[in-house]
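The residues making up each chain are set out below.
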Amino acid sequence: MEITVSKRFLRVPVKFDGTSHKFTFSENGTPVYKFDAVYTEENADAVYYADLRDYLGKTMTVTVEPECAFTPVFEDTMTPLTAEETVLRPQLHFTAERGWINDPNGLCFYGGQYHLFYQHNPYGRLWGNMHWGHAVSPDLLHWEYKEEAMFLDMDGAMFSGCAVVDHNNVSGLKEGDETPILFFYTCAGEKKSTQCLAYSTDGGKTLKKYDKNPLIDEIAPGNRDPKVIYDAKRARWLMALYFVERTYAIFTSQDLLHWDLLQKFDCLICNQLEAGVFFSDDYSEKTPAEMEKILAERLKAANVPAMVVTMGGDGAVYAEADGESGFCPAQKVQVKDTTGAGDAFCAGVSAGLTYGKTLGQAVEIGTRLAASVITSSENVCPRFRPEEFGIEA
């Protein structure tokens with residue numbers, strides 16, 4: 001079917017349950033946009049809108065699979081939601097105006113406003129059609145919806161990522177007076193997932209995808225969710241990236257455009273019960289010595305390079321498939337509340353491994369952080385200087 005995009009928004013009436021249809025929009029014979037929706041023209045449960053602003057005034061070809069009755073209806077604006085439709089929404093927590101919402105992405109402060117980007121399905125109330133939504137706030141409490149920031153494309157869906165305000169224009173992407181804001185995201189395609197860049201030169205109002213994407217090609221199936229921070233001591237940018245299963249990696253860059261692999265680590269961290277589930281056995285009554293022996297014997301056969309198992313108040317055992325193993329006893333402290341201890345322990349082990357510590361040294365760091373948390377009823381991990389753990393950060 002050929003359509004002329006006469007107005008910006010295409011109405012997409014849907015049922016909450018039923019057959020999903022794939023809509024593919026082509027320009028001059030080339031597919032440029034697609035989405036899935038449980039489309040209906042009768043007794044719709046909700047009405048969503050396809051924002052076709054980039055194709056306004058153009059003639060496009062639309063295919064629908066499987067075929068269904070499709071009568072395109074265009075509108076200049078989206079019909080506002082009624083009070084009845086929004087009465088049950090939380091007044092404090094953010095919700096998308098329409099559609100499904102998930103991870104917050106691209107959180108940044110610029111031009112006197114907090115910018116919230118987020119995983120968004122504009123065409124349904126379940127996961128799918130990953131776009132980036134956008135909202136701004138002066139105080140983190142009162143939010144104003146902005147137009148859809150980033151659309152999925154024929155290369156893949158727009159998975160999670162982060163934002164960096166490039167104050168010194170190290171990327172060279174600045175145009176005009178505004179400081180460029182860079183958005184790192186995973187483009188999740190059907191065949192591969194790559195790490196890509198979009199950027200804004202108008203204060204976050206609009207995003208443009210970098211014409212030399214991807215920044216990092218697929219290294220492992222499903223690698224995703226880049227997080228970029230600045231390492232001031234070494235004057236470099238760092239990117240943390242999830243690879244697959246237990247593997248994570250750190251990349252480094254000077255210009256935010258070209259990235260080199262710095263380090264990766266692969267370690268499974270779990271508690272005693274989870275270890276039993278992993279190995280299909282019952283380890284609930286095992287002593288630390290018995291647990292250490294089990295890990296040393298079973299890791300290589302399980303194709304796990306390294307594993308740490310927490311054992312409550314006893315401490316944690318660890319082992320590597322190439323031979324090192326040990327036990328780190330829990331620190332003797334006055335326990336007020338154990339909430340958050342596991343997260344602190346995991347963060348400490350991960351930090352140690354990231355900065356090149358041995359597995360045993362990393363477990364000691366995690367043990368110390370966990371002990372600092374359980375002595376406080378506030379469940380807040382005290383700040384430690386990296387050198388207190390022998391870390392050169």
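In what follows, the structure referred to is the one given above.
The notes below deal with the structure included here.

What about helix α3 (residues 288-302)?
Three or four residues apart is the spacing at which side chains of an α-helix point the same way, because the helix has 3.6 residues per turn.
Now for step 1: Compared with an ideal rise of 1.5 Å per residue, which puts 15 residues at 21 Å, α3 spans 20 Å between its outermost C-alpha atoms and is within 8% of the ideal.
Now for step 2: Where α3 is concerned, the buried positions are Pro288, Met291, Ile294, Leu295 and Leu299.
Now for step 3: Looking at the packing, one finds that the buried side of α3 touches α2 (272-278), β21 (306-310), β22 (315-320) and β23 (325-329).
Now for step 4: Asn303 occupies a position one or two residues after α3 and carries a positive phi of about 60°.

With respect to the pairing of strand β8 (residues 100-110)
Now for step 1: Pairing of β8 with strand β9 (residues 113-121) involves 7 bridges; the strand directions are antiparallel. Paired with Trp100 across the bridge in β9 is Asn121.
Now for step 2: In sequence, β8 turns back onto β9 through a hairpin of 2 residues, with Gly111 there showing a positive phi of about 60°.

Notes on the sheet that holds strand β3 (residues 21-27)
Now for step 1: Here we have 4 strands laid out as an open sheet, ordered β1-β6-β3-β4, and antiparallel in their pairing. Of all strands in the sheet, those bounded by a partner on one side alone are β1 (2-4) and β4 (30-37). Sheet twist, expressed as the mean angle between neighbouring strand axes with direction ignored, is 30°.
Now for step 2: When β3 meets strand β6 (residues 59-65), the two strands line up antiparallel, connected through 5 bridges. Counted as the bridge partner of Thr24 is Thr63 from β6.

Considerations on the packing of aromatic side chains
Now for step 1: If you walk through the whole model with that rule in mind, you get 25 aromatic pairs.
Now for step 2: A network of ring pairs unites the aromatic residues Phe23, Phe25, Tyr33, Phe35, Tyr39, Phe70, Tyr123 and Phe151 as a single cluster.
Now for step 3: Across from the ring centre of Phe16, 4.1 Å away, lies the NZ or CZ of Arg125, which sits over that ring.

As for the pattern of salt bridges
Now for step 1: Taken as a whole, this structure holds 16 salt bridges when the rule is applied.
Now for step 2: Residues Glu75 and Arg11 are paired through a salt bridge, measuring 3.3 Å at the closest nitrogen-oxygen approach. In this pair, Glu75 sits in strand β7 (residues 74-75) while Arg11 sits in strand β2 (residues 9-14), placing the two residues 64 residues apart along the sequence.
Now for step 3: For Asp153, the salt bridge identified is with Lys209, shortest N-O distance 2.8 Å.

Focus: the packing of helix α4 (residues 341-354) against helix α5 (residues 359-374)
Now for step 1: Two elements in contact, α4 and α5, have axes whose closest approach is 7 Å; the angle formed by their N-to-C orientations is 150°. If you check the angle between α4 and α5, you find them roughly antiparallel. Note that α4 runs across α5; the crossing there is right-handed. When α4 is examined against α5, the residues Ala341, Ala344, Phe345, Gly348, Val349, Gly352 and Leu353 are found in contact with a partner set consisting of Leu359, Ala362, Val363, Ile365, Gly366, Thr367, Leu369, Ala370, Val373 and Ile374.
Now for step 2: Partitioning the contact of α4 with α5 into residue classes produces 13 nonpolar, 4 polar and no charged.

About the cut-offs
- Residues numbered from 1 in each chain as written.
- Predicted model: local features only at pLDDT ≥ 70, side-chain atom pairs only at ≥ 80, totals over all residues.
- Heavy atoms only, no water.
- Helix = DSSP H or I, 4+ residues; strand = E, 2+ residues; numbered from the N terminus.
- Expected span 1.5 Å × (residues − 1).
- Buried < 20%, exposed > 50% of the residue type's maximum accessible area, 1.4 Å probe, protein only.
- Contact = heavy atoms within 4.5 Å.
- Pairing = 2+ DSSP bridges.
- Axes fitted to C-alpha atoms, helices over the stretch in contact; angles between N-to-C directions.
- Phe/Tyr/Trp six-rings, centres within 6.5 Å; stacked < 30°, edge-to-face > 60°.
- Lys NZ or Arg CZ within 6 Å of the ring centre and 35° of its normal.
- Salt bridge = Lys/Arg side-chain N within 4 Å of Asp/Glu carboxyl O.
- Parallel < 35°, antiparallel > 145°, perpendicular 65-115°, else oblique.
- Left-handed = near helix turned anticlockwise from the far one by under 90°.
- Nonpolar A, V, L, I, M, F, W, Y, C, P; charged D, E, K, R; others polar.

These figures come from the coordinates and say nothing about function on their own.
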